[in-house]
Amino acid sequence: MLVGVNMNDTFQFTLHVALWALLGIVCIDTMPTMADWYHGTLPSMDIPEPHARCAWENCENSPGPGSPPSFDPSISQANDKNNLGNQALSDKDFDRAILLYSQAFALSPQAVFRDNQNLAMAHKHIELGQKAFYRKNWNLAIDEYQRALSFHEIEGAQDNIHIARSNQAHDGAYQAMKDGRYDTAILFYNVANKWRPDSRVTEWIRKARWHKAFERGRDAFAAGKFAEAETYSAQAFQLDPTLGSAAFNRALAIRRQADEVAAQGNVEAAIAAYNRALRDYADAATANEGDAGFKASYDSARAAAREQLTGIAKTREDWERIIKAHERWNEDSGRDQVAARELNNA
């Protein structure tokens, strides 16, 4: 015969679903915050100094060895422009420095003046990259650092690119976690770790997998898919056995399956199913020792099992099985008063 669900059981079911949702929210709050992973301070970079001047013997149009030097006023004028460019560069007036170096090169097309112009361009884009980085505009920062490197080799610029890419991936992971897209979050975490290895990434990935399993189990339970809910809750428990909520959820899913078995009128099969459920309730109570709520749920599940079983008992053998089951459950509970009372009731 079919066993109906009383109001108390319906209330517990609603309470359990609400608890699942609450636990899900609490766990989201424990995921890493953006402040946990940002590399906010950039390492210092070794930027070369500009050339001081074009010495006569280093200029491309200098006479060969032994030739008498001839006066070329353009070189002197170019050096003056170069010196002014150096001062502008020192003052971080990069656009003026670039202009002065280009004028020096126009007066005397020497490699040192072009090199200084390229260096000033690199300085300018490094500065723009730093500003974009601290505004957390990662794409712009990466673009500016790459432009700087296209003009001049700057030691440390490549490392800054890696940091910006890592932070960009962490941003993606954070948003994906908030949206419940846990597989995407894991992909982002792996990308972040590629650009900037971090020992904490393994833990963050584990948390993402826990959230995924926990929430899928909750959704399956709400849809009445109790076997599926058990599977996902078991995965969550394996990922973090210290969180009794996963063991509790698995126990609740098994109990609902046991209720379905009991509804078919098979006492022996129902007892076996309730045995599984109560073992998980015991695990949840142990993992959350001191939490009266978990202990109360364990006691409530045992009472509900007795009520369901006594409702389908038909023969003396059925009652003997039920009493033996309660004796075992009484032993498992440490012979507490609640369990003893349920045994007497049976």
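Structural data are supplied above this passage.
Residues numbered from 1 in each chain as written. Predicted model: local features only at pLDDT ≥ 70, side-chain atom pairs only at ≥ 80, totals over all residues. Heavy atoms only, no water.

Q: Just checking my understanding: could you explain the overall build of the protein for this structure?
A: The number of helices and strands found in the protein is 15 helices and zero strands. Classification of the 346 residues of the protein by burial places 45% in the buried group. Per element, the accessible surface of the protein, about 17800 Å² overall, is 52% carbon and sulfur. (Helix = DSSP H or I, 4+ residues; strand = E, 2+ residues; numbered from the N terminus. Buried < 20%, exposed > 50% of the residue type's maximum accessible area, 1.4 Å probe, protein only. Areas by Shrake-Rupley, 256 points an atom, 1.4 Å probe, with all protein chains shown as cover.)

Q: I'm lost on unusual backbone geometry in this one. Help?
A: Most peptide bonds are trans, and most residues other than glycine sit at a negative phi. Unusually for a residue other than glycine, Lys92 sits at a positive phi of about 65°. Examined against the element boundaries, Lys92 turns out to sit in the loop between helix H3 (73-90) and helix H4 (94-107). By relative accessible area, which is 55% here, Lys92 ends up exposed. We note that Lys136 has phi near 65°; this positive angle belongs to a residue other than glycine. Relative to the elements of secondary structure, Lys136 occurs in the loop between helix H5 (111-134) and helix H6 (138-151).

Q: In this structure, what is going on with the pattern of salt bridges? I would like to understand it.
A: Any two side chains of opposite charge can pair, on the condition that their charged atoms come close. By the definition in use, this model includes 16 salt bridges. For Arg218, the salt bridge is made with Glu215, and the minimal N-O distance between the two is 3.9 Å. Here the residue Arg218 and the residue Glu215 both occupy positions in helix H9 (residues 201-222), the gap between them amounting to three residues, near one helical turn. Across the pair Asp219 and Arg218 runs a salt bridge, and its minimum N-O distance is 3.7 Å. Residue Asp219 is classed as partly exposed on the basis of its relative accessible area, which comes to 47%. Each of Glu203, Arg206 and Asp240 takes part in a single network of salt bridges with overlapping partners. (Salt bridge = Lys/Arg side-chain N within 4 Å of Asp/Glu carboxyl O.)

Q: Could you clarify how one ought to interpret the packing of H4 against H5 in this entry?
A: For any two helices packed against each other, the geometry comes down to the angle between their axes and how far apart the axes lie. Running from N to C, H4 and H5 point in directions that differ by 165°, and their axes come no closer than 8 Å. Taken together, the axis directions place H4 and H5 in an arrangement best described as roughly antiparallel. Both H4 and H5 take part in a crossing whose hand is left-handed. The residues of H5 that touch H4, namely those facing Phe94, Asp95, Ala97, Ile98, Tyr101, Ser102, Ala104 and Phe105, are Phe113, Arg114, Asn116, Gln117, Ala120, Met121, His123, Lys124 and Glu127. Of the residues in the contact of H4 with H5, the class split is nine nonpolar, four polar and four charged. (Axes fitted to C-alpha atoms, helices over the stretch in contact; angles between N-to-C directions. Parallel < 35°, antiparallel > 145°, perpendicular 65-115°, else oblique. Left-handed = near helix turned anticlockwise from the far one by under 90°. Contact = heavy atoms within 4.5 Å. Nonpolar A, V, L, I, M, F, W, Y, C, P; charged D, E, K, R; others polar.)

Q: Would you take a moment to explain the packing of aromatic side chains for this structure?
A: The description of two aromatic rings rests on the distance between their centres and on the angle between their planes. Under the defined criterion, the tally for this structure stands at six aromatic pairs. For the ring pair Trp210 and Phe214, a centre distance of 4.7 Å and an interplane angle of 15° mean the geometry is stacked. One end of the pair is Trp210 and the other is Phe214, both in helix H9 and four residues apart, which spans about a single turn. Using a relative accessible area of 3% as the deciding quantity, one classes Trp210 as buried. Between Phe248 and Tyr281, the aromatic rings sit 5.9 Å apart at their centres with planes inclined by 80°, giving edge-to-face as the arrangement. You can see Phe248 sitting in helix H11 (residues 244-262) and its partner Tyr281 sitting in helix H12 (residues 267-287), a full 33 residues away along the chain. Exposure remark for Phe248: the relative accessible area of 1% places this residue in the buried category. Residue Tyr281 is classed as buried on the basis of its relative accessible area of 1%. (Phe/Tyr/Trp six-rings, centres within 6.5 Å; stacked < 30°, edge-to-face > 60°.)

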